[in-house]
Structures are given as C-alpha cells and as structure tokens.
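Chains, contacts and geometry: an overview
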Amino acid sequence: MLYDHRTYTCRPGTIKKHLKLYGEHGYDVQRKHLGQPVVYGAVESGNVNSYVHIWVYKDAADRAQRRAALGADPAWQAYLTKSADAAYLVSQVNQLMLPTAFFDPSET
C-alpha cells in the first residue's frame, strides 16, 4: 500500500475560491481516476492557507497508471488550465508514504 500525501498552499485570501473551483471542476474527474481520497481537508491551525489530501494506491505502479490516466483526461486538463489562470496556488508538497509494520489500514 502506498499513501500519496499532498499539501497545497494558496495565496492568502484565496483558499475558499480555489476549493470552490476545484470542487466544481476537478474533484469528480480526479476521483474518477484515483478513487476516493482517505482525507481531503482544509488546514484549521498552522498555515490556514493550506489544504491536504491523501490518496491510497496498491503500489507505485498502480499510482503511476492512475495518475497517467488522470493526466490524459481532457476534463482534468481543462481544470488545470482554469486553476493556472486563477493563480490561487503558490506551492505544492507531495510525500509518498508506506504504512509501518504495526499499522493495519483495515482497522480504520
């Protein structure tokens, strides 16, 4: 199992606008290819201009295949253009994580 933990930071005052844009144009197409995220949430303390989402894959090959399909989808490309034009995002940090030996994801 592979967890893809992503943190995005928006320009101050634009996170609600960005999440609205994503909710209307990006979320459904992303879920179509990647499945349901484990977490998708706005940061409540710390950098409140950020949000986090975590996706789960069987392994690196599964992730690569799903992300390639997402990248090739015209609806995703249209969303990326809208997002770039809006210029709300200022940074992105991706972390790929493996579960520890004692963690059983089926218990969550």
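Because the structure is a prediction, the values reported are computed rather than measured.

Thoughts on the packing of helix α2 (residues 27–34) against helix α3 (residues 60–72)
Running from N to C, α2 and α3 point in directions that differ by 145°, and their axes come no closer than 8 Å. Between α2 and α3 lies a crossing of right-handed hand. Mapping the contact onto sequence places Val29, Gln30, His33 and Leu34 in α2 and Arg66, Arg67, Ala69 and Leu70 in α3. Considering only residue class, the contact of α2 with α3 consists of four nonpolar, two polar and two charged.

Some details on unusual backbone geometry
Even without being a glycine, Ala87 presents a positive backbone phi close to 55°. Within the secondary structure, Ala87 sits in the loop between α4 (74–86) and β4 (89–97).

Looking at α4
The end-to-end C-alpha distance of α4, which contains 13 residues, comes to 18 Å, matching closely the 18 Å that a straight helix rising 1.5 Å per residue would cover. In the core, the buried residues of α4 are packed alongside α1 (15–25), α2, α3 and β4. Between the side-chain oxygen of the N-cap and the backbone nitrogen of Ala75 there are 2.8 Å, and the N-cap of α4 in question is Asp73. Following α4 by one or two positions, Ala87 adopts a phi angle in the positive range, close to 55°.

How each quantity is defined
Residues numbered from 1 in each chain as written. Predicted model: local features only at pLDDT ≥ 70, side-chain atom pairs only at ≥ 80, totals over all residues. Heavy atoms only, no water. Axes fitted to C-alpha atoms, helices over the stretch in contact; angles between N-to-C directions. Helix = DSSP H or I, 4+ residues; strand = E, 2+ residues; numbered from the N terminus. Left-handed = near helix turned anticlockwise from the far one by under 90°. Contact = heavy atoms within 4.5 Å. Nonpolar A, V, L, I, M, F, W, Y, C, P; charged D, E, K, R; others polar. Expected span 1.5 Å × (residues − 1). Polar contact = N/O pair within 3.5 Å; in protein donor to acceptor, adjacent residues only side chain to side chain.

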